[in-house]
Amino acid sequence: MPAYAFALLRNVKINDQIAEYISRIDDTLAPFGGAFKIHGGRTEVVEGAFDHTLVAIAFPDMDHARRWYASEAYQAILPLRTDNSEGITFLIEGVEEGYQGSQMLAKLDPC
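Values in this document were obtained by computation on a predicted structure and should not be read as measured data.

Caption draft 1: Main features of helix α2 (residues 62–70). Those residues of α2 that fall on the buried side of the exposure criterion are M62, A65 and W68. Projected down its long axis, α2 shows its buried positions confined to an angular sector of 125°, all on one face. For α2, the exposed residues lying more than 90 degrees away from the buried face are R66 and A70. Elements in contact with the buried residues of α2: β1 (3–10), α1 (16–29), β3 (53–59), α3 (72–82) and β4 (86–93). Measuring from the backbone nitrogen of D63 back to the side-chain oxygen at the start of α2 gives 3.2 Å, which picks out D61 as the cap.

Here is the structure:
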């Protein structure tokens, strides 16, 4: 099952450290099959409020996502981002191809 690393970032200081982080992150993803799906971009808010920059990176599965985040290569550049931005980062399982929302009903515990 695919997995994703999401980051919701705000107050990003655009400086040499952020530029270095961005220039080095692709090399940390390759060994784990990671690929950017969203990296900022124009946002059109249709409900609620959103003042973050969204980043989404896809991985083949949760194991690959975990190993990427814990890797020596990524941990070496992580402070370049965390020292220059605020936000939250998390890993989350995706769904299989062809998944339909109604499949969630089978997972819910009736009240």
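There is more to say after this.
Caption draft 2: Geometry of the nonpolar core. Judged by nonpolar contacts, the single largest core of 18 residues is most densely connected at I25, I57, F59, W68 and Y74. Elements represented by at least two residues in this core include exactly β1, α1, β3, α2 and α3. In contact with I57, other than residues within four places in its own chain, are A3, Y4, A5, I25, L29, G34, A35, F36, K37 and W68.

Caption draft 3: View of the environment of K13. Within the fold, K13 resides in the loop between β1 and α1. Among the residues examined, K13 registers a relative accessible area of 48% and is labelled partly exposed. Put simply, K13 and D83 are 70 residues apart on the chain and 9.0 Å apart in space, counted from C-alpha to C-alpha. With residues up to four places along the chain from it excluded, the contact list for K13 reads I18, D83 and N84.

Caption draft 4: Focus on a nonpolar patch on the surface. A surface patch of nonpolar side chains, amounting to about 240 Å² of accessible area, comprises I88, F90 and I92. When you line up the elements, F90 lands in strand β4. Judged by its relative accessible area of 33%, F90 falls in the partly exposed class.

Rules of the game
Residues numbered from 1 in each chain as written. Predicted model: local features only at pLDDT ≥ 70, side-chain atom pairs only at ≥ 80, totals over all residues. Heavy atoms only, no water. Buried < 20%, exposed > 50% of the residue type's maximum accessible area, 1.4 Å probe, protein only. Helix = DSSP H or I, 4+ residues; strand = E, 2+ residues; numbered from the N terminus. Arc of directions from axis to C-beta. Contact = heavy atoms within 4.5 Å. Polar contact = N/O pair within 3.5 Å; in protein donor to acceptor, adjacent residues only side chain to side chain. Core = buried A, V, L, I, M, F, W, Y, C linked by side-chain atoms within 4.5 Å. Patch = residues over 30% accessible without salt bridge, like charges linked within 9 Å, V, L, I, M, F, W, Y side chains within 5 Å. Areas by Shrake-Rupley, 256 points an atom, 1.4 Å probe, with all protein chains shown as cover. Salt bridge = Lys/Arg side-chain N within 4 Å of Asp/Glu carboxyl O.

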